[in-house]
Every structure is written in structure tokens, then in C-alpha cells.
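Structure assessment
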Amino acid sequence: MILVTGAAGALGKLIAERLADRDDTVLGTRDPRQSPGVLPVRRIDFDDRSTLSSGFDGVDVLVLISAGYGEDDTVIARHGAAIDAAEKAGVGHVVYTSLTADGDHLPYALPHRWTERRLRESTMGWTILRNGLYAELLAGLAAPSAEGRITAPLGEGRLAAVARADLADAAVRVAVGAPAHAGRVHELVGEQAIGGADLARAHGPHITYEPETLGEARARIAASGAEPFQVPMLVGTYSAIAAGFMSRTGGDLRRLLGREPRSPLAAALA
Ligand SMILES: NC(=O)c1ccc[n+]([C@@H]2O[C@H](COP(=O)([O-])OP(=O)(O)OC[C@H]3O[C@@H](n4cnc5c(N)ncnc54)[C@H](OP(=O)(O)O)[C@@H]3O)[C@@H](O)[C@H]2O)c1
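Predicted, not measured: the structure shown is a model, and the values here were computed from it.

Here we come to the overall build of the protein chain. A count of helices and strands for the protein chain gives 10 helices and 11 strands. Relative to the globule expectation of 18 Å for 270 residues, the C-alpha radius of gyration of the protein chain, 19 Å, shows essentially globular dimensions. Here the C-alpha coordinates of the protein chain stretch approximately 55 × 40 × 35 Å along the principal axes. Looking at the protein chain as a whole, 46% of its 270 residues qualify as buried. When contacts within the protein chain are restricted to residue pairs at least 6 apart in sequence, long-range pairs at least 24 apart make up 74% of them.

This is the structure in C-alpha cells:
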């Protein structure tokens with residue numbers, strides 16, 4: 001049996017859609033009323049150990065979607081609780097949605113690397129999907145204003161962005177063929193690096209890209225009502241892209257999918 005956690009999130013929904021016609025798959029989510037589609041659902045909340053004690057019973061392959069919103073200790077506690085419970089339940093293999101190696105400069109890299117280490121030390125088989133940053137995330141970080149201006153501290157930096165749907169396709173491919181991916185780390189970055197000027201051009205001639213400073217962005221984000229932990233997450237993401245650490249492209253995604261990845265610009269504009 002395959003169980004997909006985080007099934008009500010954006011990535012989880014896409015994975016659930018792709019597994020909807022299987023009779024060996026169940027979904028896990030904090031609120032089963034939000035669960036998409038027709039598959040059976042279990043309440044799985046990494047913050048609530050009572051949902052984990054029997055939540056992974058009978059599971060052969062666990063697709064563990066990172067629950068990455070929070071301070072590092074919060075996220076580590078969540079992932080640790082999930083992996084402890086999976087071990088106790090006798091899960092055979094965990095497929096974990098991690099972060100690309102080039103993301104080591106990002107403020108949220110540490111809990112991903114902690115989780116990878118915990119999985120390597122576990123009694124279970126594992127596959128690590130080192131997901132690149134979503135094209136859809138970049139679209140949100142560099143969205144045009146009503147006046148047609150993209151204001152973001154990206155400088156000339158570019159991101160090897162990935163369409164979220166491609167990462168869902170990759171996770172499904174690994175989940176249904178898990179033994180062939182045991183002990184493997186897939187670096188799932190895009191094949192095209194895009195930045196603020198590329199996005200502006202793709203939006204059309206009426207849109208301009210106007211880089212701002214990190215300080216200006218930090219003040220803007222802090223004033224927007226973001227949670228304290230979100231301010232360094234967002235500023236750090238801009239900073240890593242602007243400094244050129246996120247532009248390296250790669251071919252693992254194409255090899256895993258057996259086809260060309262979706263266009264990140266099309267995904268960003270959709
Ligand atoms: N590569 C990237 O660009 C990128 C960007 C943003 C985030 N991420 C990471 O990738 C994950 C999936 O991305 P997404 O786009 O689907 O994000 P999303 O739509 O914001 O979904 C958040 C996910 O976190 C799960 N979650 C939160 N708290 C949880 C808890 N206590 N127990 C279990 N699950 C919990 C949610 O599960 P339920 O709601 O179903 O319970 C949901 O799947 C995120 O959680 C984050 O760690 C990656």
C-alpha cells in the first residue's frame with residue numbers, strides 16, 4: 001500500500017490526482033474533509049502523535065511530503081515524529097520531498113538535511129527527492145503589481161525553477177516503482193533558469209522588472225503581516241537566487257520522467 005501525507009497541500013493534491021485510479025493507495029492529511037478525490041483518507045497530523053500511532057499501519061511505501069512551515073525545531077519535530085511512527089509501523093520505504101542541494105544557502109535547508117540524515121539512519125528503505133524551487137513560487141515572489149511592475153530583490157539572478165506538476169509526476173513515478181529507487185537521491189531542478197526580467201518579458205510588453213534591495217524587501221515583507229519565521233525564509237530565498245546559487249540546471253528530472261520537463265515560464269504564468 002502507498003500512503004501520501006500532506007494530501008490537501010498543492011503538491012499532495014497533484015500526487016493524489018495521479019494515483020486516483022489505484023486500489024492500493026490511501027491519502028493522509030490533517031483535515032480529511034479537505035481531501036481531494038476518491039481515495040480513502042486517514043487523518044495524519046505530524047503535530048498530533050495520536051494520529052501517527054496507527055496512521056501508517058499496512059503501508060509499504062510512504063510518500064512523506066515535507067511540512068515545512070515553521071521554525072526549524074517545529075519542522076524537525078514533525079518529520080522526526082512521522083519517521084519514528086513509520087519505523088514502528090513497519091513501513092518498508094519512505095519517499096521524502098526534500099530540497100535541492102543548491103538550496104543549502106536557504107534558511108529552510110536545515111530541517112530538510114536533518115530529515116535526510118534521519119532517513120539514512122532509519123531501518124527503512126528511502127528515496128530522497130531533492131526538489132528545486134517551484135516556478136509557481138517564483139511567480140509569487142515576483143508578481144506584477146496592478147501598475148505592471150515586478151518589484152523584487154532578484155538582481156540579475158536566475159532560478160532553475162520547476163513546475164510543481166513535474167515534481168508530482170516524479171514523486172508518483174518513484175512511489176509506484178520504489179524498490180528501483182532505494183537509496184537514491186534525485187536532484188529535481190529545472191532545465192531552464194529564469195529571473196525577474198524573463199518573467200516580465202513573458203508577462204508581456206506592458207510589464208517591467210524593477211529590482212529592489214534586500215533591505216527594502218525585508219521591510220515590505222515584515223510590514224505585510226508575515227509570521228516572524230517567514231521573513232528570513234522569503235528574504236533568504238531572494239538572496240540565494242540573486243547571488244546566483246539557485247541557477248544550476250540538471251537532467252535528473254528529464255531522466256526520471258522520460259520526457260522534457262514542463263516550461264517553468266508557462267507554469268509561472270498559469
Ligand atoms: N520546492 C518549493 O519551491 C517549495 C515551496 C514551498 C514549500 N515547499 C515544501 O514542500 C511542501 C509541499 O509543498 P506544497 O506546495 O504542497 O505546499 P502547501 O500547499 O503549502 O502545503 C503544505 C503541506 O504541508 C503539510 N503539513 C503542514 N503541517 C503539517 C503537519 N502538522 N502534519 C502533516 N502535514 C503537514 C500539509 O498537509 P495537509 O494540509 O494535507 O495536512 C501540506 O501538504 C511544503 O510543505 C514545503 O515543505 C517547497
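Resuming the write-up.
Further remarks concern the site of the ligand. Within the structure, the ligand sits among 25 residues, and G6, G9, R30, A67 and G68 are positioned closest to it. Here the shell around the ligand takes 3 residues from helix α1 (residues 10–18), the largest share from any one element. For the shell around the ligand, the per-class residue count stands at 12 nonpolar, 9 polar and 4 charged.

Our focus in this paragraph is the environment of S247. You can see S247 is positioned in the loop between α8 (230–242) and α9 (252–257). Spatially, the C-alpha atom of S247 lies 5.2 Å from that of R158, the residues being 89 residues apart in sequence. If near-sequence neighbours (up to four positions away) are discounted, S247 is found in contact with G157, R158, L159, A160 and A193.

Once that is clear, we can look at the pairing of strand β6 (residues 125–131). Remark: a regular strand shows side chains that alternate across the two faces of the sheet. Of all 7 residues in β6, 6 are buried; the element is thus mostly enclosed. In this sheet, β6 lies alongside strand β5 (residues 93–99) in parallel orientation, the contact comprising 7 bridges. Bridge pairing in β6 links V95 to T127. Taken together, β5, helix α3 (residues 109–120) and β6 form a β-α-β motif whose crossover is right-handed. Two strands pair when backbone bridges link them, and β6 and strand β9 (residues 184–188) are joined in this way by 5 bridges, in the parallel orientation. Looking at the pairing, N131 lines up with L188 of β9.

Cut-offs and rules
- Residues numbered from 1 in each chain as written.
- Predicted model: local features only at pLDDT ≥ 70, side-chain atom pairs only at ≥ 80, totals over all residues.
- Helix = DSSP H or I, 4+ residues; strand = E, 2+ residues; numbered from the N terminus.
- Rg over C-alpha atoms; globule rule 2.2 N^0.38 Å.
- Buried ≥ 20, exposed ≤ 12 C-beta atoms within 10 Å, placed from the backbone.
- Contact = placed C-beta atoms within 7 Å.
- Near = placed C-beta within 6 Å.
- Nonpolar A, V, L, I, M, F, W, Y, C, P; charged D, E, K, R; others polar.
- Pairing = 2+ DSSP bridges.
- Right-handed = clockwise from strand over helix to strand, strands pointing away.

Taken by themselves, the reported measurements are silent on function.
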